[in-house]
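Here is what each chain is made of, one letter per residue.
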Amino acid sequence: MTGLLGAALPAVPLVAGLTGLLLPPSPKGATTGEDRARRAATALGVAGAAGALLIAVLLVVRVGDPVETSTTWIDLGGLRVTLGVRLDGAAALVAVAVAAVALAVQVYSTAYLRRGRHDDVEVDHRYPPYAAQISLFTAAMLVVVVAGDLVMLLVGWEVMGLCSYLLIAHDRRLPEAPAAAMKAFLVTRVGDVGFLLGIALLGVSAGSFSIADVLAHDHSAGTLTAACLLLLAGVAGKSAQFPLHTWLPDAMAGPTPISALIHAATMVAAGVYAVTRLWPLFAAAPTALAVLGVLASVTLLLGAFAATAQDDLKRVLAWSTVSQIGYMTGALAVGAPAAALFHLLTHAAFKALLFLAAGAVIHALGTTLMSRMGGLRRDMPVTFWCTVIGLGALAGVPPLSGFWSKDGVLAVAQAAALDGAGPAPAWVGWLVWLAGLLGVLVTAWYATRLLLRAFLGERRMPLLHPHDPPAAMRWPVLLLAVPAALLGLAGFTQSFAHRLFFPAAPAVAPGEQVLVHLGPALLLPTVLLLAGAALAWTGWRRDPAADPARTLGPLRPVFATAFRLDDVQQALVVRPAADLAWVAQAGDEMVVGGVVKGVGRGTVGLGGALAALHRAALPRAAAAVLAGALLVGLAAVLLIGGTP
C-alpha cells in the first residue's frame with residue numbers, strides 16, 4: 001500500500017495537469033462567472049494539489065523504515081533502468097512541503113490572475129493552461145522526490161525545466177517575460193548537461209540506474225569524484241548557485257504565485273534534495289564537497305549583498321533565495337544533510353509566505369518598486385503582520401522557524417571548522433561558518449530595509465487606497481504564516497529529526513540526531529542579527545523618506561548589478577557563443593553552401609552547353625560527326641602503326 005501511495009503521489013497532479021491541457025482557453029472578454037473553462041481548470045488544479053497533499057500526509061504517517069518498490073523498465077545489455085519509488089521520512093516531509101505550497105499557489109492564483117484595479121484585462125484567458133502547467137510542475141517535483149531510479153529522477157528534473165519556461169513566460173504582455181523564460185531554460189540546461197553525464201557515469205559504473213544499486217556499488221575514487229562534480233553542475237543550475245545563478249532574479253518577470261512555487265517548493269529546492277538523495281556518494285567524495293563549500297559560500301554572500309541594493313520587491317526576495325540556498329548547500333558541504341533539509345523545509349514555508357504577501361502588495365498597488373510604496377501598515381494590516389513573520393523567519397529572529405534551521409546550519413559549520421567534524425576538510429567548515437555569520441548580518445539589514453520601505457513611513461502614492469487582498473489570496477497567506485512561525489519547533493521532536501537524518505543513517509546514531517542546537521553558540525548569530533537590523537533602522541530614522549541603501553555609497557550600483565557577473569557571463573560566454581554561431585553560419589552558407597551551389601551551377605552550365613550542341617543545325621552536326629570519325633580513324637592508324 002505504501003508503494004502504491006508513493007506512485008500515486010505524482011500521478012494525481014500529473015493526471016490533473018494533462019486533463020487541464022485539454023481544456024480550451026477562456027474566451028477573451030468573458031467574465032469569470034460565465035467562464036466554464038476557467039472553473040474547470042480551477043477545480044482540476046486545486047483537486048490535484050489537494051490530492052497530492054493528502055497522499056503526502058498519509059505517507060508521513062505510514063513511512064517508518066525506508067520503503068522501495070521497483071520493476072525493471074529497460075534492460076540494455078545488462079544496464080538496467082527501473083520504474084519504481086524510494087520512500088523514507090525525509091521524502092515524505094519534502095512531499096508535504098511541495099504539495100502544500102502548490103495547493104496554496106493554486107488557490108491564490110484564482111484571485112491573483114483576475115482583473116485587478118490596475119489591470120486592463122478583464123480575465124486572463126490563458127488561465128486553463130496556466131493551472132495545468134502548475135499541476136505538471138508539481139508532479140515533476142514529486143517525481144524527483146519519490147524516484148527510485150536516476151533516470152526517473154532525470155525525467156522529473158527536465159520536466160520542471162520545461163514547466164518553468166512556460167510559466168515564467170505566461171504573462172505575454174510583459175516584453176521581458178519571454179526573454180527571462182528563455183534565459184532560465186538555457187542557463188539551467190547548461191548545468192543539466194553535467195547532471196546527465198554524472199547520472200550516466202554512475203549508471204554505467206554500477207550496471208544499473210536504480211538509486212539503491214548506485215549507492216550500494218563500490219565505485220572507484222576517480223569515477224565517484226568525477227560523477228559528483230558533474231552532478232554539482234546540475235545542482236548549481238537548478239538551485240541557482242554560483243556561477244549559474246543569473247537566471248533566478250530575471251525569472252521574477254513571471255507571475256508572483258509562480259515565483260513562490262519556484263522559490264519555495266520546486267526548482268531551487270530540487271538541487272539540494274538531489275544531493276541528500278545521493279548523500280553517501282558525496283560523503284565519499286571530499287573533493288566534490290570542498291567545491292560545493294566554495295560555491296555555497298560565494299553564493300550565500302553574493303545573494304545577500306545583491307539583495308541590499310534592489311528596489312524591486314520581488315528581486316529582493318529572489319536574491320534572498322539565492323543566499324538561503326547557499327546556507328543549505330553549505331550545510332551539505334560540511335556533512336550535514338539533515339540540517340540542509342531542515343532549512344529547506346522552513347525556507348519553503350517562509351519564502352512562499354513572503355512571495356504571496358508580496359503578491360498582495362503588487363495586486364493592490366500595481367507596482368513592484370519599493371520606492372513607490374510606504375505606509376502600507378495601516379492600509380494592509382494582515383499583509384503587514386504576515387510579512388513581519390516571513391521576514392523575521394528569513395532573518396532568523398527567535399523563535400521563528402528560520403532561527404532554528406539557520407542556526408542549525410551555523411552549528412554544524414562551526415563544528416566542522418573547530419573540531420574537524422564531517423567528511424570535508426576543516427577549511428571548508430571555516431569558509432561556510434564565516435560566510436554564514438556575515439550572511440546573518442546582511443540578511444537582517446536587507447530584511448529590515450524591505451519592511452521599512454514597503455510598510456512603514458509615509459505613503460508615497462497618496463492617491464491610491466490599497467487594502468488587504470480578497471479571501472482567496474488572504475487565506476493562503478494566513479495559513480502559510482503558521483509553519484513559517486512554528487515549524488522550527490518541530491526540530492525539538494526526535495521523530496521529526498529521525499526522518500531528516502535518514503540520508504546519513506546509519507552513520508549517525510539515534511541519540512546523536514540533533515537538529516536544534518542550544519547553547520552559547522546562539523549568542524553570536526543573535527548579536528549579528530540585532531546589529532544588522534539596528535543599522536538599517538538607524539539609517540531610516542535619520543531620514544524616513546530616504547532609502548537606507550544610500551549608506552552603501554559607491555558599492556550600491558555594484559551590489560545592485562550583483563557584481564556585474566551577468567555582464568561577465570554575457571561577455572565571456574554569450575557573446576563568444578553567438579560569434580561562434582555566426583562564424584559557423586557564415587561558413588556553412590559561404591563555404592559549404594558555396595561549394596554545393598557552385599557544383600550545381602557548373603553542372604547546369606555544362607548541361608546547357610551540351611544541350612546547345614545537341615540542338616545544333618544539321619550541317620554543323622554532320623561536320624562534327626565527320627570530324628569525330630576522322631579523329632577516331634587517325635588514332636587507330638597511329639595505334640596500329642606503332643604496334644610491332
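Everything numeric in this text was worked out from a predicted model, so none of it was measured. (Residues numbered from 1 in each chain as written. Predicted model: local features only at pLDDT ≥ 70, side-chain atom pairs only at ≥ 80, totals over all residues. Heavy atoms only, no water.)

Concerning the overall build of the chain
Where we set the bar: Helix and strand definitions follow DSSP, with helices as H or I runs of at least four residues and strands as E runs of at least two, each counted in order from the N terminus. Any residue under 20% of the maximum accessible area for its type is buried, any over 50% is exposed, and the rest in between are partly exposed; the area is computed with a 1.4 Å probe on protein chains only. We call two residues in contact whenever any of their non-hydrogen atoms come within 4.5 Å of each other. Where accessible areas are quoted, they stem from the Shrake-Rupley method and a 1.4 Å probe; at the residue level, only the protein chains shown are allowed to cover. His is not counted, nor are the chain ends; Lys and Arg add positive charge and Asp and Glu add negative charge. Where a charge lies is defined by one atom per residue type, namely NZ (Lys), CZ (Arg), CG (Asp) and CD (Glu).
Scanning the chain from N- to C-terminus turns up 25 helices and 2 strands. With the C-alpha coordinates of the chain rotated into their principal frame, the extents come out at 115 × 65 × 55 Å. Residue burial in the chain is summarised as follows: out of 644 residues, 53% are buried. Contacts spanning at least 24 positions in sequence make up 80% of the contacts within the chain whose residues lie at least 6 apart. Surface exposure of the chain reaches about 26300 Å², of which carbon and sulfur atoms provide 71%. Computed over 40 positive and 33 negative side-chain charges, the inter-centroid distance for the chain is 7 Å.

Notes on the pairing of strand β2 (residues 79-87)
Moving residue by residue along a regular strand, the side chains alternate between the two faces of the sheet. Quick note on the threshold: Two strands pair if DSSP finds at least two bridges between them.
Where strand β1 (residues 67-76) lies against β2, 9 bridges are found, and the strand directions are antiparallel. When the bridges of β2 are listed, Thr 72 appears paired with Thr 82. A loop of 2 residues connects β1 with β2, the two strands running antiparallel in sequence, and Gly 77 in this loop sits at a positive phi of about 60°.

A short note on empty space enclosed by the protein
Applicable threshold: Of the two site types, the cavity is a set of points on a 1 Å grid over the protein atoms alone where a 1.4 Å probe fits but cannot get out, and the pocket is an open set with protein on both sides within 12 Å along at least five of seven lines, each lined by residues with an atom within 4 Å of a point. Grid points are joined across faces, edges and corners, and a volume is the space filled by probe spheres set on the points.
Applying the stated criterion across every chain yields a total of 6 cavities of 30 Å³ or more. The volume enclosed by the largest cavity comes to roughly 70 Å³. Lining the largest cavity, in full, are Leu 313, Leu 317, Leu 354, Ala 357, Ala 358, Val 361, Thr 387, Leu 450, Ala 454 and Phe 455. Contributions of two or more residues to the lining of the largest cavity are made by α14 (313-333), α15 (337-365) and α19 (426-455).

So, the packing of aromatic side chains
Which entries qualify depends on this criterion: Between rings of Phe, Tyr and Trp, where Trp is taken as its six-membered ring, a pair exists when centres lie within 6.5 Å; planes separated by under 30 degrees are stacked, by over 60 edge-to-face, and by other angles tilted. For a Lys NZ or an Arg CZ to count as sitting over a ring, it must be within 6 Å of the ring centre and within 35 degrees of the ring normal.
Inspection of every chain in the model, using the stated rule, returns 13 aromatic pairs. Ring centres of Trp 430 and Trp 433 lie 5.6 Å apart, and the angle between their planes is 55°; on these two criteria the pair is classed as tilted. Of this pair, Trp 430 and Trp 433 are both found in helix α19, 3 residues apart, which corresponds to roughly one turn of the helix. Taking relative accessible area as the criterion, Trp 430 reaches 37% and is therefore assigned partly exposed. Taken together, the aromatic side chains of Phe 305, Phe 559 and Phe 563 make up a single cluster linked through ring pairs. If you follow Arg 38 out to its NZ or CZ, it ends over the ring of Tyr 127, 4.2 Å from the centre. Above the face of the Phe 185 ring, Arg 189 is positioned so that its terminal group lies 4.6 Å from the ring centre.

Some details on the environment of Phe 384
Mapped onto the fold, Phe 384 is located in helix α17 (residues 381-395). Its relative accessible area of 5% is what places Phe 384 among the buried residues. With 72 residues separating them in the primary sequence, Phe 384 and Leu 456 have C-alpha atoms 9.5 Å apart. In this view, Phe 384 contacts Arg 377, Leu 451, Phe 455 and Leu 456; residues no more than four positions away in its chain are not counted.

Some points on the side chain of Gln 310
Here is the rule: Polar contacts here mean pairs of N or O atoms no more than 3.5 Å apart (in protein, one a potential hydrogen donor and the other a potential acceptor; neighbouring residues in sequence count only if both atoms are side-chain atoms).
For Gln 310, the location among the structural elements is in the loop between α13 (286-307) and α14. For Gln 310, the side chain forms a polar contact with the main-chain oxygen of Ala 560, separated by 3.0 Å.

A word on unusual backbone geometry
That bond from Phe 242 to Pro 243 is cis: its omega, 5°, falls within 30 degrees of zero. Along the chain, the position of Pro 243 falls in the loop between α8 (221-238) and α9 (247-250). Of note, the amide linkage connecting Pro 398 to Pro 399 takes the cis form, showing an omega dihedral of 5°. Inspection of the secondary structure assignment puts Pro 399 in the loop between α17 and α18 (401-419). You will see that Ala 240, though not glycine, has its phi angle at about 55°, which is positive. Here Ala 240 lies in the loop between α8 and α9. Taking the relative accessible area as the measure of exposure, Ala 240 reaches 0% and is therefore buried. Phi is positive for Phe 563, close to 60°, though the residue is something other than glycine. Relative to the helices and strands, Phe 563 resides in the loop between α23 (555-560) and α24 (565-614). You can call Phe 563 partly exposed: its relative accessible area is 36%.

Re the packing of α13 against α19
Condition: Fitting a line to C-alpha atoms yields each axis, with helices limited to the stretch in contact; the angle taken between N-to-C directions then spans 0 to 180 degrees. Roughly parallel refers to an angle under 35 degrees, roughly antiparallel to one over 145, roughly perpendicular to one between 65 and 115, and oblique to any angle outside these ranges. In a left-handed crossing the near helix is turned counterclockwise from the far helix by less than a right angle, and in a right-handed crossing that turn is clockwise. Just so you know the grouping, Ala, Val, Leu, Ile, Met, Phe, Trp, Tyr, Cys and Pro go in nonpolar, Asp, Glu, Lys and Arg go in charged, and all remaining residues, Gly too, go in polar.
With their axes 9 Å apart at the nearest point, α13 and α19 run at an angle of 15° to one another. Here α13 is positioned roughly parallel relative to α19, judged by the angle of their axes. Considering only the axes of α13 and α19, their crossing is left-handed. Where α13 abuts α19, its residues Leu 289, Ala 290, Gly 293, Val 294, Ser 297, Leu 300, Leu 301, Ala 304, Phe 305 and Ala 307 lie against Trp 427, Val 428, Leu 431, Val 432, Ala 435, Gly 436, Leu 438, Gly 439, Val 442, Tyr 446 and Arg 449. Residues that form the contact of α13 with α19 fall into these classes: 16 nonpolar, 4 polar and 1 charged.

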